[in-house]
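Architecture at a glance
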Amino acid sequence: MAADVLSRHRAFYDAVESGDLDLMSSLWVDSPSAFCVHPGAEAIEGTDAVLRSWALVMANVEYIQFFLTDVQVSWPLGSDADLALVTCTENILSGEGTESPEQFSGGKAICTSVLVRSGGVWRLWSRHASPVLDIDPEAPEEPGMTEQP
């Protein structure tokens, strides 16, 4: 069962990377309660609105690749439930072109996805990704930024 959940979870990233809106559409449950929060953005509700948001993302990103780490599957209601929780760290490489390394940028987000089993198939119901700030512990403190006792 975990393999099925992880396969569907990975298919989501495959859809984004390849810009495949048909695949993306097949992965989401059709519900007005479907929910998505893109990093740094407002919440989006309803499958149609969620899919529109992904169509916009895919249309406006020339290149994106996800390297997933810390992937975990949980069964919050027990292993026989029709609800699974997947958490992971998204290590993201994106760019405007592939001619030179300077055109690429990287980022990191923590993601939580909730999948429901509908008709025997696992589908995304909710997804929330939050950016991880890249704070250099060796960097000098900014003026006015001091530790409180």
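Only a predicted model underlies this, so the values are computations on that prediction, with no experimental measurement involved. Numbering of residues starts from 1 in every chain and runs along the sequence as written. At least 70 in pLDDT is required for a residue's local features to be given in this predicted model, at least 80 for side-chain atom pairs to be given and counted, and no such filter applies to totals for whole chains, interfaces and linings, which use all residues. Where side-chain values are given, they derive from all heavy atoms of the structure, hydrogens and water being excluded.

**A look at the overall build of the protein chain**
Cut-off, in case you're wondering: Starting at the N terminus, helices and strands are each numbered in turn, a helix being any DSSP run of H or I of at least four residues and a strand any DSSP run of E of at least two. Whether two residues touch is decided by their heavy atoms; if any such pair falls within 4.5 Å, the residues are in contact.
In terms of regular secondary structure, the protein chain is built from three helices and six strands. Overall, the protein chain shows an N-to-C arrangement of helices and strands of α-α-β-β-α-β-β-β-β. Restricting the contact set of the protein chain to residue pairs at least 6 apart, pairs at least 24 apart contribute 49%.

**As for the packing of aromatic side chains**
The condition that has to hold: Centre distance within 6.5 Å is the pairing criterion for rings of Phe, Tyr and Trp, where only the six-membered ring of Trp is used; planes under 30 degrees apart are then read as stacked, over 60 as edge-to-face, and the remainder as tilted. For the exposure calls, accessible area comes from a 1.4 Å probe over protein chains only, and a residue counts as buried if that area is under 20% of its type's maximum, exposed if over 50%, partly exposed in between.
Going through the model one piece at a time under the given rule, you end up with four aromatic pairs. Here Phe12 and Tyr13 contribute two aromatic rings whose centre-to-centre distance is 5.0 Å and whose plane-to-plane angle is 85°, an arrangement assigned as edge-to-face. Accessibility expressed as a relative area gives 2% for Phe12, which makes it buried. When the centroid spacing of 5.1 Å and the interplanar angle of 85° are considered together, the rings of Phe12 and Trp54 count as edge-to-face. Separated by 42 residues along the polypeptide, Phe12 in helix H1 (residues 2-18) and Trp54 in helix H3 (residues 47-60) bring together distant segments of the chain. Among the aromatic residues, those joined into a cluster by ring pairs are Phe12, Tyr13, Trp54 and Phe66.

**Overview of unusual backbone geometry**
The phi angle at Asp70 is positive, at roughly 55°, despite the residue not being glycine. Inspection of the secondary structure assignment puts Asp70 in strand S3 (residues 63-74).

**Things to note about the state of the cysteines**
Our working rule: Two cysteine sulfurs form what is called a disulfide whenever their separation falls within 2.5 Å.
Applying the stated criterion to the full structure yields zero disulfides. Cys111 supplies the cysteine sulfur nearest to Cys36, a cysteine that is in no disulfide, at a spacing of 8.3 Å. A relative accessible area of 0% means that Cys36 is categorised as buried. Cysteine Cys111 remains unbridged, with the sulfur of Cys88 as its closest cysteine sulfur at 4.8 Å.

**Observations concerning the side chain of Ser53**
Note the threshold: Under this definition, polar contacts are N or O atom pairs within 3.5 Å; protein pairs additionally need one hydrogen-donor-capable and one acceptor-capable atom, and for neighbouring residues in sequence, both atoms have to be side-chain atoms.
As for its placement among the helices and strands, Ser53 is situated in helix H3. In terms of polar contacts, Ser53 uses its side chain to reach the side chain of His38, at 2.9 Å.

**Focus: the environment of Gly46**
Counting through the fold element by element, Gly46 comes out in the loop between strand S2 (43-45) and H3. Once residues within four sequence positions are removed from consideration, Gly46 is found in contact with Ser31, Pro32 and Ala34.

**Here we look at H3**
Put simply, the rule reads: What a helix should span is 1.5 Å times the count of its residues minus one. An arc is given here, and it is the one of the directions from the helix axis to the C-beta atoms.
Taking 1.5 Å as the rise per residue, H3 with 14 residues should run 20 Å; its terminal C-alpha atoms sit 20 Å apart, in good agreement. Listing the buried residues of H3 in full gives Thr47, Val50, Leu51, Ser53, Trp54 and Met58. Buried residues along H3 cover an arc of 155° about the axis, so they all sit on one side. Looking at H3, the residues exposed on the side facing more than 90 degrees away from the buried face are Asp48, Arg52, Leu56, Ala59 and Asn60. Of the surrounding elements, those touching the buried residues of H3 are H1, helix H2 (21-27), strand S1 (35-37), S2 and strand S6 (121-131).

**Considering the pattern of salt bridges**
Condition: Any carboxyl oxygen of Asp or Glu that lies within 4 Å of a side-chain nitrogen of Lys or Arg is treated as forming a salt bridge with it.
One pass over the structure, following the stated rule, counts four salt bridges. Between Asp14 and Arg10 there is a salt bridge whose closest N-O contact spans 3.1 Å. A residue pair is termed a helical-turn pair when its members lie 3 or 4 positions apart in one helix, as Asp14 and Arg10 do in helix H1 at four residues. Overall, the relative accessible area of 33% leaves Asp14 in the partly exposed class. Among the residues examined, Arg10 registers a relative accessible area of 27% and is labelled partly exposed. A single salt-bridge network, built from bridges that share partners, covers Arg10, Asp14 and Glu17.

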